[in-house]
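So you can see what is in the structure, the chains are spelled out below.
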Amino acid sequence: MTAAAVPAASPASTGEQPGVRLARSRRNAELSLLLLAMVLVAAYAATVEANVLDTVTSDFWMPAAALGLVFLGLHLVIRWLAPFADPALLPAVALLNGIGVGFLRRYDLAKAAPADRETLAIFAGTGGRQLAWTLGAVILAAGLLAIMRDHRSLSRYAYTLGLAGIVLVMIPAVLPSRFSEINNAKLWIRIGGFSIQPGEFAKLALLAFFAYYLVRKREVLSLASRRVLGIDFPRGRDLGPVLVVWIISLLVLVFEKDLGTSLLYFGMFVVTLYIATERVSWLLIGLILFFGGAYLAYLLGSTVGGPFLNFYDRAQIWLDPFAEPYDRGYQLVQGLLTLGTGGLFGAGPGGGQPTLLPEVQTDFIFAGIGEEIGLFGLSALLVVYLLVVERGLRAALAVRDSFGKLLAGGLAFTLGLQVFVIVGGISKLIPLTGQTTPFLSAGGSSLMANWLLIAVLLRVSDGARRPMTGGGPAARPSGGPPEQLHGAQTEVIRP
């Protein structure tokens, strides 16, 4: 006797709206990956204590638990406000942020006297401050998700954001050095014990403006004047925007004394322009302009000096850091030796000597971590960064409006370029820069700005993955009016 098959209940019969089951599945996957990331962070903390203290204290798990609660809160916000968002973004970034906090805690243990290490409070020192900054950054990201229910709403404030971005870039350059300069780079605003790096927030504002501007001018910028070696080059009159951004990036290079920030601003504009027009010629023009400008600044630094001298000195250190290994080239030399000491597998978490590396908690944290986890461990971290960038680019490909495509594509590329600039600097591929490693380095400005970047990517991916149905809440962007359905490819961009 065979039992009759009972048909599965359909979404309509269970009262579920279209897409609800899909959203729940993605959020459950996100929660599982997030728990796995926090287990890895806790294991890293335990290994650090075993190597540094020769024992594992009973409260080693507390930083991972605190981070887990913070990220769980953001997960709940995403489940409520962006249920269709990419489920891999939050766990990947949480893992990077957790490893950063764990290494900074390890740095605090290395600085403390041996007798005080076992009693060092979990929430003290640089690691404790980074925990506090993480809480603030995650709250800021959750607030942005709550306010910005549709990524296209950013286009309404494009010119305001563009102006704000330019002002944020200019402020450190015009301030006296005592209020803006750290390690020969004028990137900060320092008042008393408070400091902020406005350029971290400027890149987000400028990118929103670039995306809006290029959506409106895409057809004009796509026109070609002549074809050379199979590549269509733009008309001369259309080079104006690129030249303006190029001049601004050179001013940043000269007056803020930072190659990384200059490359970041110019690179994200040129790549966003390439995404908008699909013209390889823009990439070639951008590379020629940037490297030509950098070489010109180098020549002027060697002959004229003045504001060009700092870049010339950095280039000289890059060309031969071992010429003055105990003076100008000391930091880069120590970074290279630290990476070499790590080898393939590293000395193990807690087994290195981070106190010998200057600025290991900020600019050189990637080298400090590399000493302890080796080439294989650093490669794994780079794969996690690559995953975040790939997920951002996937959101850009899937979203249905042009502004969202340029915004998400530009944000993903900007994050990847920042990682390249940092890794390239400490490995002597390019001159050293003042950039911080996203989510790993100590500091609130970078952490908050990059969590805002992730919040925007989550919002775009939610819009891209939201099912297209004939009507109802599943077809409607979060917080958007019914007539702005993603399926209808309606854009907020106005001529």
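All of these numbers come straight from a predicted model, not from anything done at the bench.

J.: Help me understand the overall build of the protein chain in this model?
T.: Within the protein chain one finds 16 helices and 6 strands. The buried share of the protein chain, taken over its 495 residues, is 53%. Within the protein chain, counting contacts between residues at least 6 apart in sequence, those at least 24 apart form 71% of the total.

J.: I keep staring at the nonpolar core and nothing clicks. Help me out?
T.: Considering soluble globular proteins, one finds that nonpolar side chains tend to be buried as a cluster. If you look at the biggest cluster of nonpolar residues, it comprises 125 residues, and the most contacted ones within it are Phe71, Ile369, Leu407, Phe439, Trp451 and Ile454. In this structure, Ile369 is in contact with Ile99, Phe103, Gly374, Leu378, Leu381 and Leu440, ignoring residues within four places of it in sequence.

J.: Quick question: what am I supposed to make of the pattern of salt bridges here?
T.: Oppositely charged side chains are able to pair whenever their charged atoms sit close together. Tallied over the full model, the rule gives 13 salt bridges. Here Arg106 makes a salt bridge to Glu372, at a shortest N to O gap of 2.5 Å. Of this pair, Arg106 sits in helix H4 (residues 89-111) while Glu372 is found in helix H14 (residues 365-398), placing the two residues 266 residues apart along the sequence. For the residue pair Arg106 and Glu372, the accessibility class agrees, reading buried in each case. The network of salt bridges with common partners includes Asp86, Glu390, Arg391, Arg394 and Arg465.

J.: Which parts of the structure should I look at to understand the side chain of Thr437?
T.: Along the chain, the position of Thr437 falls in the loop between helix H15 (402-426) and helix H16 (444-465). The buried category is assigned to Thr437, whose relative accessible area is 1%. Among all residues touching Thr437, those that are not within four sequence positions of it are Ile365, Phe366, Tyr385 and Ile422.

J.: What is the right way to read a nonpolar patch on the surface from this model?
T.: A surface patch of nonpolar side chains, about 270 Å² in accessible area, is lined by Tyr274, Ile275, Val280 and Leu284. Those elements giving two or more residues to the nonpolar patch turn out to be helix H10 (259-277) and helix H11 (280-303). Structurally, Val280 can be placed in helix H11.

J.: Sorry, what's going on with the layout of surface pockets here?
T.: Any space left empty among the atoms is revealed by the rolling of a water-sized probe across them. When its volume is computed, the largest pocket comes out at roughly 1100 Å³. Lining the largest pocket are 44 residues, with Ile182, Asn183, Glu359, Thr362 and Asp363 sitting closest to its centre. Mapped onto the lining of the largest pocket, the elements with two or more residues apiece are helix H5 (125-147), strand E4 (194-196), helix H12 (309-319), helix H13 (330-342), H15 and H16. When grouped by side-chain class, the residues that make up the lining of the largest pocket number 18 nonpolar, 19 polar and 7 charged. The volume enclosed by the second largest pocket comes to roughly 560 Å³. Broken down by element, the lining of the second largest pocket gets its largest block of residues, 8 residues, from H11. For the lining of the second largest pocket, the per-class residue count stands at 21 nonpolar, 2 polar and no charged.

J.: Just to check I follow, could you spell out helix H9 (residues 240-255) for this structure?
T.: Given 3.6 residues to a turn, an α-helix orients residues that are three or four positions apart in the same direction. When the terminal C-alpha atoms of H9 are compared, their 22 Å separation across 16 residues agrees well with the 22 Å that a helix rising 1.5 Å per residue should span. Taken residue by residue, H9 has Val242, Val245, Trp246, Ser249, Leu250, Val252, Leu253 and Val254 as its buried positions. Buried residues along H9 sit in contact with helix H6 (158-174), helix H8 (199-221), H10, H11 and H12.

J.: Just checking my understanding: could you explain the environment of Leu109 for this structure?
T.: Within the secondary structure, Leu109 sits in helix H4. Not counting chain neighbours up to four residues away, the residues in contact with Leu109 comprise Val48, Val52, Arg117 and Leu120.

Calculation rules
- Residues numbered from 1 in each chain as written.
- Predicted model: local features only at pLDDT ≥ 70, side-chain atom pairs only at ≥ 80, totals over all residues.
- Heavy atoms only, no water.
- Helix = DSSP H or I, 4+ residues; strand = E, 2+ residues; numbered from the N terminus.
- Buried < 20%, exposed > 50% of the residue type's maximum accessible area, 1.4 Å probe, protein only.
- Contact = heavy atoms within 4.5 Å.
- Core = buried A, V, L, I, M, F, W, Y, C linked by side-chain atoms within 4.5 Å.
- Salt bridge = Lys/Arg side-chain N within 4 Å of Asp/Glu carboxyl O.
- Patch = residues over 30% accessible without salt bridge, like charges linked within 9 Å, V, L, I, M, F, W, Y side chains within 5 Å.
- Areas by Shrake-Rupley, 256 points an atom, 1.4 Å probe, with all protein chains shown as cover.
- 1 Å grid on protein atoms, 1.4 Å probe; cavity = no way out; pocket = protein on both sides within 12 Å on 5 of 7 lines; lining within 4 Å.
- Points joined across faces, edges and corners; volume = space filled by probe spheres on them.
- Nonpolar A, V, L, I, M, F, W, Y, C, P; charged D, E, K, R; others polar.
- Expected span 1.5 Å × (residues − 1).

Geometric values such as these leave the question of function open.
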